[in-house]
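Remarks on the overall topology
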Protein chains: 2
Amino acid sequence: MYTRNRVLIERVTPIVDDGSYYAKRVINDLLRVEADLVSDGHDIINGDLKFKVPGSKVWKYMPLQLHENDRWYANLELKEEGTYEYTVEAWVDYALTWQHNVRRKVESGVEIKVELKDFLPIATQLSHKAKGKDKKWIEDFSRLINSQKLYNKAVELAISDELELVLRKYPVKEYATEYDRVLRVRVERSKAEFSTWYEFFPRSASKNKNRTGTLKDAESQLKRIADLGFDVVYLPPIHPIGEEFRKGKNNSPSAKKGEPGSPWAIGSKHGGHKSIHPDLGTIKDFEKLVATAHKLGLEIAMDFALQCAPDHPYVKEHPEWFKWRSDGTVQYAENPPKKYQDILPIYFETKDYKNLWNELLSIALFWADKGIRIFRVDNPHTKPIRFWQWLISEVHKKYPDCIFLSEAFTKPKIMQALAKVGFTQSYTYYTWRNTKYELVEYLTELTKGPEREYFRPNFWPNTPDINPFILQDGSEHAFLTRLFMAATISSNYGIYGPVFEQMVHDSIPGKEEYLDSEKYEARYWDWDKNNRLIAMIKLINALRKIHPALQQTFDIHFCNIENEQLIAYHKRSKNGDEHILCIVNLDPYNKQSGMVQLPLHRMPSNPGDNLIIKDLITDNSYNWHDEWNYIELTPTLPFHLFKIHFKS
Amino acid sequence: MYTRNRVLIERVTPIVDDGSYYAKRVINDLLRVEADLVSDGHDIINGDLKFKVPGSKVWKYMPLQLHENDRWYANLELKEEGTYEYTVEAWVDYALTWQHNVRRKVESGVEIKVELKDFLPIATQLSHKAKGKDKKWIEDFSRLINSQKLYNKAVELAISDELELVLRKYPVKEYATEYDRVLRVRVERSKAEFSTWYEFFPRSASKNKNRTGTLKDAESQLKRIADLGFDVVYLPPIHPIGEEFRKGKNNSPSAKKGEPGSPWAIGSKHGGHKSIHPDLGTIKDFEKLVATAHKLGLEIAMDFALQCAPDHPYVKEHPEWFKWRSDGTVQYAENPPKKYQDILPIYFETKDYKNLWNELLSIALFWADKGIRIFRVDNPHTKPIRFWQWLISEVHKKYPDCIFLSEAFTKPKIMQALAKVGFTQSYTYYTWRNTKYELVEYLTELTKGPEREYFRPNFWPNTPDINPFILQDGSEHAFLTRLFMAATISSNYGIYGPVFEQMVHDSIPGKEEYLDSEKYEARYWDWDKNNRLIAMIKLINALRKIHPALQQTFDIHFCNIENEQLIAYHKRSKNGDEHILCIVNLDPYNKQSGMVQLPLHRMPSNPGDNLIIKDLITDNSYNWHDEWNYIELTPTLPFHLFKIHFKS
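So, how was this worked out
Residues numbered from 1 in each chain as written. Chains lettered and ligands numbered in written order. Predicted model: local features only at pLDDT ≥ 70, side-chain atom pairs only at ≥ 80, totals over all residues. Heavy atoms only, no water. Helix = DSSP H or I, 4+ residues; strand = E, 2+ residues; numbered from the N terminus. Buried < 20%, exposed > 50% of the residue type's maximum accessible area, 1.4 Å probe, protein only. Contact = heavy atoms within 4.5 Å. Areas by Shrake-Rupley, 256 points an atom, 1.4 Å probe, with all protein chains shown as cover. Pairing = 2+ DSSP bridges. Axes fitted to C-alpha atoms, helices over the stretch in contact; angles between N-to-C directions. Salt bridge = Lys/Arg side-chain N within 4 Å of Asp/Glu carboxyl O. Right-handed = clockwise from strand over helix to strand, strands pointing away. Parallel < 35°, antiparallel > 145°, perpendicular 65-115°, else oblique. Nonpolar A, V, L, I, M, F, W, Y, C, P; charged D, E, K, R; others polar. Buried area = accessible area lost by both parts, 1.4 Å probe. Polar contact = N/O pair within 3.5 Å; in protein donor to acceptor, adjacent residues only side chain to side chain. Least-squares fit on C-alpha atoms with pLDDT ≥ 70 in both. Domains from an automatic or database assignment. Expected span 1.5 Å × (residues − 1). Arc of directions from axis to C-beta. Phe/Tyr/Trp six-rings, centres within 6.5 Å; stacked < 30°, edge-to-face > 60°.

Remarks on the overall build of chain A
Each helix and strand in chain A was counted, giving 16 helices and 30 strands. The principal-axis extents of the C-alpha atoms in chain A amount to approximately 105 × 65 × 45 Å. The buried share of chain A, taken over its 648 residues, is 59%. Restricting the contact set of chain A to residue pairs at least 6 apart, pairs at least 24 apart contribute 75%. Of the accessible surface of chain A, which amounts to about 26300 Å², a share of 51% is contributed by carbon and sulfur atoms.

Some thoughts on the sheet that holds strand β13 (residues 299–304) of chain A
Residues and elements named next belong to chain A. In space, the 8 strands of this open sheet follow the order β21-β20-β19-β18-β13-β12-β11-β22, with parallel pairing throughout. With partners counted over all chains shown, the strands left at the sheet margins are β21 (457–458) and β22 (492–496), one partner each. The strands that helix α8 (residues 283–295) touches are β12 (232–235) and β13; relative to β13, the one it contacts most, it runs at about 135 degrees.

Side note on the pattern of salt bridges
Taken as a whole and judged by the stated rule, the model has 121 salt bridges over all chains. Measuring nitrogen to oxygen at the nearest pair gives 3.0 Å for the salt bridge that ties A:Asp17 to A:Lys420. Of the two residues, A:Asp17 is situated in the loop between β1 (7–13) and β2 (23–26) and A:Lys420 in helix α12 (residues 412–420); the sequence distance between them amounts to 403 residues. Assessed through its relative accessible area of 6%, A:Lys420 is described here as buried. For B:Arg103, the salt bridge goes to B:Asp161, with nearest N and O atoms at 3.4 Å. Here the residue B:Arg103 occupies a position in helix α1 (residues 94–107), and B:Asp161 occupies one in helix α6 (residues 161–169), the gap between them amounting to 58 residues. Residue class for B:Arg103 comes out partly exposed when judged on its relative accessible area of 21%. B:Asp161 gets classed as exposed once you look at its relative accessible area, which sits at 55%.

Topic: the pairing of strand β18 (residues 374–378) of chain B
All names here are of chain B. Counting buried positions along β18 gives 5 out of 5 residues, so the element sits mostly inside the fold. Alternating residues of β18 divide into Ile374, Arg376 and Asp378 and Phe375 and Val377, and every residue in both groups is buried. Two elements, strand β13 (residues 299–304) and β18, share 4 bridges in a ladder whose sense is parallel. By the bridge assignment, Phe304 is partnered in β18 with Val377. Sheet topology places β18 next to strand β19 (residues 403–407); 5 bridges connect them, and they run parallel. Bridge assignment links Asp378 to a residue of β19, and that residue is Glu407. What joins β18 to β19 is helix α11 (residues 385–398), and the crossover it makes is right-handed.

Some remarks on the packing of helix α14 (residues 476–489) of chain A against helix α16 (residues 532–546) of chain A
All names here are of chain A. Their axes nearest at 11 Å, the elements α14 and α16 cross at an angle of 10 degrees. As the angle between them shows, α14 and α16 are arranged roughly parallel. Judged by residue contacts, Glu476, Phe479, Leu480, Leu483, Phe484 and Ala487 of α14 engage Arg532, Leu533, Met536, Ile537, Ile540 and Arg544 from α16. Considering only residue class, the contact of α14 with α16 consists of 9 nonpolar, no polar and 3 charged.

Description of the interface of chain A and chain B
Across the contact, 63 residues belong to chain A and 63 residues belong to chain B. Summed over both partners, the interface of chain A with chain B comes to about 5800 Å²; 54% of that surface belongs to carbon and sulfur atoms. It is A:Tyr2, A:Glu349 and A:Lys413 in chain A that bury the most area against chain B; as a group they hold 15% of the surface buried on that side. Put simply, chain A and chain B have 16 salt bridges between them. Of the charged contacts in the structure, one is a salt bridge between B:Asp36 and A:Lys413, with a shortest N-O distance of 2.9 Å. Counting across the chain A and chain B interface gives 34 residue pairs in polar contact (both at pLDDT 80 or more). Elements represented by at least two residues in the side of chain A that touches chain B include exactly β1, β3 (30–39), α1 (94–107), α2 (113–118), β15 (333–335), α10 (353–369), α11 (385–398) and α12 of chain A. For the side of chain A that touches chain B, the residue count by class is 20 nonpolar, 16 polar and 27 charged.

Details of the relation of the copies chain A and chain B
Overlay of chain A on chain B (RMSD 0.0 Å): rotation 180 degrees, translation along the axis 0.0 Å. A rotation of that kind, with that shift, is consistent with a two-fold axis. Measuring from the rotation axis to each C-alpha of chain A, the shortest distance belongs to A:Asp18, at 3.5 Å. Here 100% of the interface residues in chain A have copies in chain B that are interface residues too; the copies meet face to matching face.

Regarding the sheet that holds strand β11 (residues 195–199) of chain B
With parallel pairing, the 8 strands of this open sheet are ordered in space as β21-β20-β19-β18-β13-β12-β11-β22 (chain B). Where the open sheet ends on each side, the last strands, each with one partner, are β21 (457–458) and β22 (492–496) of chain B.

Focus on the domain arrangement of chain A
Residue and element names in this part refer to chain A. Per the domain assignment, the segments of chain A are domain 1 (8–187), domain 2 (189–551) and domain 3 (556–647). Of note, the centres of domain 1 and domain 2, computed from C-alpha atoms alone, are 50 Å apart. Listed per partner, the contact involves 13 residues of domain 1 and 16 residues of domain 2. Where domain 1 abuts domain 2, roughly 1300 Å² becomes buried across the two surfaces, and 46% of that area is made up of carbon and sulfur atoms. If you sort the residues of domain 1 by the area they bury against domain 2, Tyr21, Lys24 and Val26 come out on top, with a joint share of 46%. Between the two partners, domain 1 and domain 2, sit 2 salt bridges. Joining domain 1 to domain 2, the criterion identifies 10 residue pairs in polar contact (both at pLDDT 80 or more). Top contributing element to the side of domain 1 that touches domain 2 by residue count: β2, with 4 residues. Looking at the side of domain 1 that touches domain 2 residue by residue, the classes come out as 7 nonpolar, no polar and 6 charged.

Examining helix α10 (residues 353–369) of chain B
The periodicity of an α-helix, 3.6 residues per turn, causes residues three or four positions apart to be oriented the same way. Residue and element names in this part refer to chain B. Spanning 17 residues, α10 covers 24 Å between terminal C-alpha atoms, matching the ideal 24 Å at 1.5 Å per step. All of the buried residues in α10 are Tyr353, Leu356, Trp357, Leu360, Leu361, Ile363, Ala364, Trp367 and Ala368. Axial view of α10: buried residues confined to an arc of 135 degrees, hence all on one face. Residue Gly371 follows α10 closely and has a positive phi angle near 105 degrees.

Here's the deal with the packing of aromatic side chains
Geometry of an aromatic ring pair is reported as the spacing of the ring centres plus the angle between the planes. Using the criterion set out here, one finds 74 aromatic pairs over all chains in the structure. Aromatic side chains A:Phe201 and A:Tyr496 sit 6.1 Å apart centroid to centroid with 65 degrees between the ring planes, which places their arrangement in the edge-to-face category. With a gap of 295 residues between them, A:Phe201 in the loop between β11 (195–199) and α7 (215–227) and A:Tyr496 in strand β22 connect regions that are remote in the sequence. Assigned by exposure class, A:Phe201 and A:Tyr496 land together as buried. Seen from their ring centres, B:Phe409 and B:Trp432 are 5.5 Å apart, and the 85 degrees between their planes marks the pair as edge-to-face. Within this pair, whereas B:Phe409 is found in the loop between β19 and α12 (412–421), its partner B:Trp432 is found in the loop between β20 (425–427) and α13 (436–448), the two being separated by 23 residues in sequence. The class of B:Trp432 is partly exposed, set by a relative accessible area of 28%. Members of the aromatic cluster, each reached through a chain of ring pairs, are A:Tyr2, B:Phe304, B:Phe348, B:Tyr353, B:Trp357, B:Phe375, B:Phe387, B:Trp388, B:Trp390, B:Phe404 and B:Phe423.

Details of the side chain of B:Ser127
Considering the arrangement of structural elements, one finds B:Ser127 in helix α3 (residues 120–129). The residues contacting B:Ser127, other than those within four sequence positions of it, are B:Lys135, B:Ile138 and B:Glu139.

Topic: the environment of B:Lys284
If you trace the backbone, B:Lys284 turns up in helix α8 (residues 283–295). As for B:Lys284 and B:Leu215, which are separated by 69 residues in sequence, their C-alpha atoms are 9.9 Å apart.

The structure is reproduced here in structure tokens:
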């Protein structure tokens, strides 16, 4: 326990759970690493950020700067995708301490003849490390000291910035302390942080009322979806659907003849998770769909739903992958007294778990081989968290650009744990956060707490599973505001397409479930329909593409606005150049007005400056001179999307 | 990376810096350990606190209870001094899960014949673990299930609390997760948390104006100090004082003949840190002083000041323990342009540092052998933090009851680091926190943040180094309130005795330094003097001894009180039984009044209850019925120390 290291390194950030998991960033982000450097006495301390770029085994170094109150930082540009490692080292810097003391003495008029000589051992160390003109500079300075002539010149050099530069360039790290952990940040492609999702069921994609849709029909929808400004098309499972215990329309316990069942009851005599439902088409059709999507700038996201129908081939081939009961039947899913006999959970703790896990991994790799790089994972919170950690890291070994969206609507700590172990994005509680208080509280948790380092929200106003009460009266105001806030608060957002666009809202009475849900039957939509909501979706998606402040989630500030029905938030682009101010009227029935306060501390602006405020929705411009400004919004057009221009 | 463990264990508390350091408690405290247990799915999870009592190698187990939102806890009684280790393990409990599901099915009227049989493998596991009547209970239940008769009886047992008790008593921990660190809590004697300090200079203890004080004079003061209710007597260094570069009265650069110098300039031809100043007496005198103190219920705290006068024997005997300059002189302490030539800092990074550190350790052990168990460490922040970690742990190996008080008036993170590495108590910024805002903010940091686990404040209204501005006009009000708040907010507090008692307040103009400071000369005090302040010190110290709410620091709540000059705080004893409410008028000139809010959420009381409020200072009693109550305080008696009695 004897040690001469004098600096303690504490509270290094970003850190996720003491370094057990990686922090997340996207390409070209600036990573700000901070640390407390604590030492005794009055000597000058110094520190480096140590880091390895992805794939490299070589440590690189970047000097830490003092921020305040013993907290230091360095900003690292993340120029490569992959995993960076980083840690911190720090030491008492004897050379800088010497110069610091000499400067104070010279300022106080104290002679420093002895101090100059005290420098010579430091100079010797330095001249071994320094190169080129730096080496020469040090050697010249040493000779000057040794000559004992030109004292004033020697003093001038001793306190000079040139000397400090050399001392900082070649630090002599005696008794350096190294932070006791190596932390990691995973740098992903930009779509991990900025994506616009559209979900639809291929079997409802037919324009012909006489037959259900196929992958080819789905393919023919892609052009329109791309035109609307989406960039990810998420398809519910396209695999064969179980026939045993199949559910009927509106989740009735047994299907009538011809009813297609739920796509999430995967597997039948036609195959399992690596097969395509014969009614939808073939693997070739699928590959063509993926190729067409790519041409249109779209990516196909596949559903990754790890459960089996009773007639899934796995059940016969690998009975040990399921839990068997004392009566010789397989355990089906239950929520007593409810029975889900069409769904057999996989038994992740089976003795044969290694083979099981490898097979499940092979499903993801199979589809990745077919060009899929985005998986929307169904109910990951009902499978072991460590399984996901393993699976995602294994997929990333071969396909580092794979994105996993966690569909875990469950308790907060479980949702967080799934994000920590590797999920790229996560569904959120946004779907049920309607009032200003709820939204501000939830966004503060997501964007200001420890979650911001690893949990990337993806906001959905609706899903096939959730027809939220706020949309159930079909009011255009609700559809508009829920869409607008999802798309402008969160850089990742999505809609369950045709149902949302067409403001479908009939529910099972008293429940947040759709009536005649597409989960249990094919539907026919008027895919050529147009309405004001669809036009607004297109406009907002287009604005998202050209305004970087909307392409990130974490720089958000809720502005004071003196009306509980009005919510206002200010967002900046990552480089700080673009300033967006969004204001929403949450009241579906009344015009609302109030004074909004500009967050001047976040702006290159002072009270009294003339700002030009341009509404990107209406193209109207306003001149604002004050910190507080009057706002008025009707339910008909219930939001402003202001871009703020600062006069130079 | 394959693992079938399904529970993640996160955020275990108490924890200091990820477990690098121990948390601190005192004997008979209850340690509340908490942890997040996070798992997939809907199975029942279960967990244990694992702990080792001091000196034992055997893990013991205590079940965790669910608190809320996936947070679990256990309360461990700390019955022994020393270091406890603790960690957490958790698992999916298949047996409890089985019973949980069976109970839900029975409640819903579902038949459980198959489920009963599903239990048999669990019963087999259990019967291997269970003993005595538990084993028999399980075997009887198994037989009942196997017989397939008396179905209703089997159901009754299946859902019974008796079965749950057995399942909880013999948990089958399959695929248990263990928290990846073992944490520590050091349990110390109660004086670590509750102590009342009195500081005085033995050389000023003489009642004879013709000579300076000795250890014998100091001994004769102990009775009075014990009567005043103090329990720790802290003496500034009693070692030989350097003669070279000795400082004179009022810190003048050179002493005149006969001036005694600063006790902190340690070492001369008469000896060093293991010697007694010949003017003070002998080691025998010292041992007698210690023995007399013990008889009076006092402990002597020694100053541990690791620096040397230029004529300290170490300088000649171990020149390598000091820093030598290029002109052949030893580096003295400096704060340019100031020079402290009477003080040579020790060179902790010397090549010979192992011998140096061992010698410094031997000083502490030398005095501990003489009966000293409390060290007040002078300026620990100018010596390496890791040195203190080593030294304190080495002393604790032989003298586990040793208390170290850190005299580090420096930046917050350094003060915190010293507390983390082992200092028992710490001086604080209390000396400069005067306004209500300052006090509330500072106490919130000390008692509600992470520091509460390791940083024990010791509040001093003054020290020989600090004559704070608030005391410099000598107002009785200031002395009374500063004393009262130190003694009632912090369970550890102390005064720099005669100077404080007698309201000495003359300062070097414009500085917080005493004029004619005892640091540089012997003083003569009227030790028999009495005044109102001394009477109040005696009363408050006596009240501290009988009121457990004042014997702890961390359960404190600042009450709303509608006057910026009035501060009110509510404290409870650790068992929750005693409730104390202190109110102070901070205004030295005016009567102040206002309404104070009782923190009912911290009390066994409801609005409208009749409370009897007794002022322990005046013995007056009041009846309060309301949440808000009127308070009025004059500057003459500027505080209430209320004990709250709740009627049953």
